[in-house]
Structures are given as C-alpha cells and as structure tokens.
Amino acid sequence: MGVREPLVRAYPSGTTALTELADLSRLGFEPTVNIRPVADPALRSRIAQRWRTLDFDGFAEEELARQPEDGGLGHGALKCRAGIPLTEAVLERATSDSLRHRLVLVGRAAAGSDTFDTAAARRLGVALRTTPGANAGAVAELTLALMLDALRGVSRRAQALQQGSWAAATVYTCRPRPRRTASSGPRNSG
C-alpha cells in the first residue's frame, strides 16, 4: 500500500528527528526523509545510514512538486510542517497514475491548512489532516516569555552585553506591582 512510504520532513534537532523516524519504522512505515532542515552533519549521517534521504527546499513549490514523483516511486503520504505550498500543481503531480505510490494522505504538524489547495486535494482524493491545539502549550509558554521580556528587558539587555555595554545591561531589581493579565484569542491559541 502506498501509505507505507511516507515523505517526512526531518526536525532540525537530533532526538526529535530520530525518535519520530524510529517510531514510524516500528509502525511498519519506510520513510523517505527530507534532511534539508538538518544542519548537524552527524545527525544527517545517522539519518542517511538508516533511512532513504532527499535534500530539497520544501518551501519552494517547484522543488516540492518534483519530490513526490521521485523517479516514478511516489509517496503515499506526506508529513510536513506549516508553510509547505501544497498547490494544485504539486498535488496533481503527486497523485499521478504513473507513480507506484500515489499520494493519498497529508499530515501537517500545525493547526491550519492555509497553504494547501483543499479543493484540489478533495478532487484528487488526498486526505488532509492537521493537528489543531498540538502547539498550544508552546504558544502559551512563548507568550509568557515575551511578557516577561517586555517587563524585564531581557533580550534588550542581552544584546547590550553582546555589544560590550555593561551599563545598558544592568538590571535594577524591583518587585513588580501586582498586575492583572488576560489572554484572549480563538480556540487553541494557547
């Protein structure tokens, strides 16, 4: 079945990439890995020793359109991150009857499908799945970190230190007066 050969975009960090790929293999999948986002040569080598690899810019529509064809092999599934341009042209090439494995499933590790041509996917029989809420914890953490940075000027002070200005980096500690905060946004916004 075509879904056994997914095209996966590797995470840039070691443990996450290796864990995800090992889990896919344990489930019986034979992933082909786009190692472009992996900067660490040792990690690239470890991935290439165990799995089939490609190296292309997944954010460039023409490069992405060529990859699912992969010399006639194709891929039954695509696991990608936000921003990947799954246009009608990309989907048509990935679902061609000339491919051994026709694309039938796209899983996106993000909430929306704003860069997917959903009408073309539906017409071509490609199921699109997203992970709404999966990053809600990270969004909440980042929001709190930015609030603390605004309050304490951590990033501004760090930049001053890097530029050699000790005076500008001085932190005057004080106990901030109690403040009420509120967060408002759509569901799954963190």
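Computed from a predicted model, the values in this text were never measured in an experiment.

**What to know about the side chain of Arg108**
Line of reasoning, step 1. Looking at where Arg108 falls in the secondary structure, it is placed in strand 5 (residues 105-108).
Line of reasoning, step 2. Given the relative accessible area of 5%, Arg108 is considered buried.
Line of reasoning, step 3. Polar side-chain contacts of Arg108 include one of 3.3 Å to the side chain of Asp114.

**Some remarks on the packing of aromatic side chains**
Line of reasoning, step 1. One pass over the structure, following the stated rule, counts zero aromatic pairs.
Line of reasoning, step 2. Lying across the ring of Phe116, Arg108 places its NZ or CZ 5.1 Å from the centre.

**Structural notes on the pattern of salt bridges**
Line of reasoning, step 1. With the rule as written, the count across this model stands at nine salt bridges.
Line of reasoning, step 2. Here Arg66 and Glu62 are joined by a salt bridge, their closest N and O atoms 3.7 Å apart. Of the two residues, Arg66 and Glu62 both sit in helix 3 (residues 61-66), four residues apart, roughly one turn of that helix.
Line of reasoning, step 3. Classification of Glu62 by relative accessible area gives partly exposed; the value is 46%.
Line of reasoning, step 4. In this structure, Glu88 and Arg123 form a salt bridge, with 2.5 Å as the shortest nitrogen-oxygen distance. You can see Glu88 sitting in helix 4 (residues 88-94) and its partner Arg123 sitting in helix 5 (residues 118-124), a full 35 residues away along the chain.
Line of reasoning, step 5. Here the salt bridges do not stand alone but share partners, grouping Arg36, Arg44 and Asp55 into one network.

**Here's the deal with helix 6 (residues 136-152)**
Line of reasoning, step 1. Relative to the 24 Å expected for 17 residues at 1.5 Å per residue, helix 6 spans 24 Å between its end C-alpha atoms, a close match to the ideal helical length.
Line of reasoning, step 2. Note on helix 6: the residue one or two positions beyond its end, Gly153, has a positive phi of about 65 degrees.

**Observations concerning the nonpolar core**
Nonpolar side chains in soluble globular proteins generally cluster together in the buried interior.
Line of reasoning, step 1. Among the nonpolar cores identified, the biggest contains 19 residues, and Leu78, Leu86, Leu91, Leu103, Val106 and Val126 are the most heavily contacted of them.
Line of reasoning, step 2. Breaking this core down by element, the ones donating at least two residues are helix 3, strand 4 (77-80), helix 4 and helix 5.
Line of reasoning, step 3. Contact partners of Leu91, with chain neighbours within four places excluded, come to Leu86, Leu103, Asp117, Ala120, Ala121, Leu124 and Val126.
Line of reasoning, step 4. Among the nonpolar cores identified, the runner-up in size contains 11 residues, and Leu18, Val38, Leu43 and Ile47 belong to it.

**Considerations on the environment of Phe59**
Line of reasoning, step 1. By secondary structure assignment, the location of Phe59 is in the loop between strand 3 (52-54) and helix 3.
Line of reasoning, step 2. Ignoring sequence-local partners within four residues, the contact set of Phe59 consists of Arg9, Ala82, Gly83, Ile84 and Pro85.

Cut-offs applied
- Residues numbered from 1 in each chain as written.
- Predicted model: local features only at pLDDT ≥ 70, side-chain atom pairs only at ≥ 80, totals over all residues.
- Heavy atoms only, no water.
- Helix = DSSP H or I, 4+ residues; strand = E, 2+ residues; numbered from the N terminus.
- Buried < 20%, exposed > 50% of the residue type's maximum accessible area, 1.4 Å probe, protein only.
- Polar contact = N/O pair within 3.5 Å; in protein donor to acceptor, adjacent residues only side chain to side chain.
- Phe/Tyr/Trp six-rings, centres within 6.5 Å; stacked < 30°, edge-to-face > 60°.
- Lys NZ or Arg CZ within 6 Å of the ring centre and 35° of its normal.
- Salt bridge = Lys/Arg side-chain N within 4 Å of Asp/Glu carboxyl O.
- Expected span 1.5 Å × (residues − 1).
- Core = buried A, V, L, I, M, F, W, Y, C linked by side-chain atoms within 4.5 Å.
- Contact = heavy atoms within 4.5 Å.

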